[in-house]
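Here's the letter readout for the chains.
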Amino acid sequence: MKENGRDIVLLAHGDGGALTHELVNNLFLRHFESNILKTLTDAAVFSVNEGRMAITTDSFVVDPPFFPGGDVGKLAVCGTVNDLAVSGARPVYLTASFILEEGLPLADLESIVQSMAGACGVAGVEIVTGDTKVVEKGHLDKIFINTTGVGYIFPGVDLGYHRIKPGDKVLVNGSLGQHGIAVLCKRYGFDFAGQVMSDCAPLNGIISLLLKEIRGIKIMRDLTRGGLATTTKEIASACGLDIWLDENCIPVDAGVKGAAEMLGLDPLYLANEGKFMVIVSPEEAEKAVAVMQGHELGRDARIIGEVKPGKGNVYLSTSLGGTKLLDLMAGSPLPRIC
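Rules of the game
Residues numbered from 1 in each chain as written. Predicted model: local features only at pLDDT ≥ 70, side-chain atom pairs only at ≥ 80, totals over all residues. Heavy atoms only, no water. Phe/Tyr/Trp six-rings, centres within 6.5 Å; stacked < 30°, edge-to-face > 60°. Helix = DSSP H or I, 4+ residues; strand = E, 2+ residues; numbered from the N terminus. Buried < 20%, exposed > 50% of the residue type's maximum accessible area, 1.4 Å probe, protein only. Lys NZ or Arg CZ within 6 Å of the ring centre and 35° of its normal. Pairing = 2+ DSSP bridges. Axes fitted to C-alpha atoms, helices over the stretch in contact; angles between N-to-C directions. Salt bridge = Lys/Arg side-chain N within 4 Å of Asp/Glu carboxyl O.

Draft legend 1. A look at the packing of aromatic side chains. Counted under the stated rule, the structure contains four aromatic pairs. Judged by centre distance (4.8 Å) and plane angle (25°), the rings of Phe 28 and Phe 98 are stacked. A residue pair is termed long-range when its members are at least 10 positions apart, and Phe 28 in helix α1 (residues 18-31) and Phe 98 in strand β6 (residues 89-101) qualify at 70 residues. Take Phe 28 and Phe 98: they sit in the same class, and that class is buried. Ring geometry for Tyr 188 against Phe 190: centres 6.0 Å apart, planes inclined by 35°, an arrangement best described as tilted. The class for Tyr 188 is partly exposed, based on a relative accessible area of 48%. Following the ring pairs from residue to residue traces out a cluster consisting of Phe 28, Phe 32 and Phe 98. Taking the ring centre of Trp 244 as reference, the NZ or CZ of Lys 308 above it sits at 5.1 Å.

What follows is the structure, given as structure tokens:
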């Protein structure tokens, strides 16, 4: 069916009949190249090696589904890959389930699927199974995607709150807040942020290099909803130690800083989709920075703080010479960010 001259998603695309088969075979299978997926059985069957595995699942409801630097499809792949990577795993397989609103242009759906396929290629993962449902127009906002990821834990890797000790250093791989500002400006039509692009990217490449070269990594977390501040507070609370961050060392691009100041937002609480923090032993902190800076996603990596004895608080040494207590984000400044 066409609406305003465009091919669109129909309820029949989700009823399991001819149009469902047409959508799966002519759109999804054309972009998701996987021998496992092509069997179209009720479950993906694959062999596993001995050792530990990791599994994660996430749903992506970002508004709008297209934004500078990416879209909901790229976000779905990168978000799931990154959750596995910061857990010390090598991502291998993904599932992809789509909930579509009747009337969604098929050209938009194909663009999103192409973006997912491209992100899978960069990350070196396969989509091996999935599902599609369609709901009536007005019962959903365009498209929601759920992805589940499976990966192998790298041998010898032991990450967790239990390993964090006073003196450990806190690192990030680059400038903060880009995803949050990019989505916000697209959603509300702001143009004062110039060319701020989402940092949406698969992090498994840079993280695998770190795990190979640095033995003293204690924990890693990707800095999505709640940003650096919330993630750091979660870690401090879990390990019962204080973490001190230095505002002068935290990288924030000029475009993000300017937009955040105008909107009354704190870049430390803005979402990121291509940034992660690492807590590493002090002896290997400088080497870890050098390894990160050798990868395109870590050019602006740096040490931004230190773990100290305490009771689970996070302190920010400000550029004005003061000290600010950072807590969990209270309410979202921008809902449906991922």
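Draft legend 2. Region of interest: the environment of Ala 290. Of note, Ala 290 is situated in helix α8 (residues 285-293). Judged by its relative accessible area of 46%, Ala 290 falls in the partly exposed class. Spatially, the C-alpha atoms of Ala 290 and Arg 302 are 8.8 Å apart, while their sequence positions differ by twelve residues.

Draft legend 3. Layout of the sheet that holds β6. Spatial ordering of the open sheet is given by β3-β8-β6-β7, a layout of four strands whose pairing is mixed. With partners counted over all chains shown, the strands left at the sheet margins are β3 (53-60) and β7 (126-135), one partner each. The mean inter-strand angle of the sheet, taken between neighbouring strand axes irrespective of direction, is 15°. With nine bridges connecting them, β6 and β7 associate as parallel partners.

Draft legend 4. Representation of the sheet that holds strand β13 (residues 302-308) within the structure. Pairing within the open sheet is mixed, and its seven strands lie in the order β10-β12-β9-β13-β11-β14-β15. The open sheet has two free edges, formed respectively by β10 (217-222) and β15 (323-326), since each of these has just one partner strand. Ignoring strand direction, the axes of neighbouring strands in this sheet form an average angle of 25°.

Draft legend 5. Expanded view of the pattern of salt bridges. Here the structure, examined in full by the defined rule, presents eleven salt bridges. A salt bridge links Arg 187 to Asp 63, with the shortest nitrogen-to-oxygen separation between them at 3.7 Å. Placement of Arg 187 in helix α4 (residues 178-188) and of Asp 63 in the loop between β3 and β4 (66-67) is noted, with a sequence separation of 124 residues between them. When its relative accessible area of 18% is taken as the criterion, Arg 187 is described as buried. Each member of the salt-bridge network shares a partner with another, and the members are Asp 141, Lys 142 and Arg 336.

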